[in-house]
Amino acid sequence: MLQYYNELIYYIQRMVGDKEEAADIIQETYTKAIEKSKQLNIKNERAFLYKIARNIAIDQSRKNQRREFIVYEEDDFTIPKNEQPDEIILENVKEEILLEALDSLPKHLQ
């Protein structure tokens, strides 16, 4: 099966446009092919490898497309951090602590 490695890399690299991603896909291809070869009698290893590699590339492409089109609407409906109630309270508490600390200093240091 290893004799098809370079041509599979080239084939998948043309599909995905990235040599490293192609190498990852081919690695996964060989892993799946080895697992399946224990269960099945594969007559045409080359065609089997090409089919697995193509399917993995298509699956990954679909996953990547879904990720790109996710729109987080929460960003459109949230208020800025400095206007959120808990942040306002936190800032007020910090200011009170700072003022108390300044008041506790000796008069010559104020």
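Quick summary incoming for the structure in this document. All values derive from a computational prediction rather than experimental measurement.

### Let's talk about a negative patch on the surface
In step 1: Side chains of Glu95, Glu96, Glu100 and Asp103 sit close together on the surface and give a patch of like negative charge.
In step 2: If you trace the backbone, Glu95 turns up in helix α5 (residues 85-103).
In step 3: Residue class for Glu95 comes out partly exposed when judged on its relative accessible area of 48%.

### Describing the packing of aromatic side chains
In step 1: Applying the stated criterion across every chain yields a total of two aromatic pairs.
In step 2: Pairing Tyr5 with Tyr30 gives two aromatic rings, centres 6.2 Å apart and planes at 40 degrees, and the pair type is tilted. Here Tyr5 is found in helix α1 (residues 5-16), whereas its partner Tyr30 is found in helix α2 (residues 19-39), with 25 residues between them in sequence.
In step 3: Given the relative accessible area of 35%, Tyr5 is considered partly exposed.
In step 4: Centroid distance Tyr11 to Tyr50: 4.9 Å. Interplanar angle 55 degrees. Geometry classified as tilted. Of the two residues, Tyr11 sits in helix α1 while Tyr50 sits in helix α3 (residues 45-68), which places them 39 residues apart along the sequence.
In step 5: The class for Tyr50 is buried, based on a relative accessible area of 19%.

### What to know about α2
In step 1: Taking 1.5 Å per residue as the helical rise, α2 with its 21 residues ought to reach 30 Å, and the 30 Å between its terminal C-alpha atoms agrees with that figure.
In step 2: All of the buried residues along α2 are Ala22, Ile25, Ile26, Thr29, Tyr30 and Ala33. One face of α2 carries all of its buried residues, which in axial projection span an arc of 145 degrees. In α2, the exposed positions that point more than 90 degrees away from the buried face belong to Glu20, Gln27, Lys38 and Gln39.

### A word on the pattern of salt bridges
In step 1: The final tally for this structure, using the stated rule, is four salt bridges.
In step 2: A salt bridge links Lys32 to Glu28; the nearest nitrogen and oxygen atoms lie 3.7 Å apart. Note that Lys32 and Glu28 are positioned in helix α2 at a spacing of four residues, about one turn of the helix.
In step 3: A relative accessible area of 37% means that Lys32 is categorised as partly exposed.

### Regarding α1
In step 1: The end-to-end C-alpha distance of α1, which contains twelve residues, comes to 16 Å, matching closely the 16 Å that a straight helix rising 1.5 Å per residue would cover.
In step 2: Every buried residue of α1 is accounted for by Leu8, Ile9 and Ile12. Taken end-on, α1 shows its buried residues confined to a sector of 100 degrees, consistent with a single buried face. The exposed set on the far side of α1, more than 90 degrees from its buried face, consists of Asn6, Tyr10 and Arg14.
In step 3: Looking one or two residues beyond α1, the residue adopting positive phi is Gly17, at roughly 80 degrees.

About the thresholds
- Throughout this document, residue positions are counted from 1 along each chain, in the order its sequence is written.
- Totals for whole chains, interfaces and linings use every residue, but because this is a predicted model, local features are given only for residues with pLDDT of at least 70 and side-chain atom pairs only at 80 or more, for both listing and counting.
- Heavy atoms throughout the structure, all of them, feed into the side-chain values; hydrogens and water do not.
- In this scheme, patches are assembled from residues that exceed 30% relative accessible area and form no salt bridge. Like charges are connected within 9 Å, while nonpolar side chains (Val, Leu, Ile, Met, Phe, Trp, Tyr) are connected within 5 Å.
- For the accessible areas, the method is Shrake-Rupley and the probe is 1.4 Å, while residue cover comes only from the protein chains on display.
- The salt bridge criterion pairs a side-chain nitrogen of Lys or Arg with a carboxyl oxygen of Asp or Glu, the two atoms within 4 Å.
- Counted as positive: Lys and Arg. Counted as negative: Asp and Glu, with His and the chain ends omitted from the count.
- Working definition for charges: the position is that of NZ of Lys, CZ of Arg, CG of Asp or CD of Glu.
- Counting from the N terminus, the helices are the DSSP runs of H or I reaching at least four residues and the strands are the DSSP runs of E reaching at least two.
- Each residue's exposure class comes from its accessible area (1.4 Å probe, protein chains only) as a fraction of the maximum for that residue type: buried when under 20%, exposed when over 50%, partly exposed otherwise.
- The aromatic pairing rule takes the rings of Phe, Tyr and Trp, using the six-membered ring of Trp, and pairs them if the centres are within 6.5 Å, calling planes under 30 degrees apart stacked, those over 60 edge-to-face and the rest tilted.
- Given the number of residues in a helix, its expected span is that number minus one, multiplied by 1.5 Å.
- By construction, the arc corresponds to the directions joining the helix axis to the C-beta atoms.

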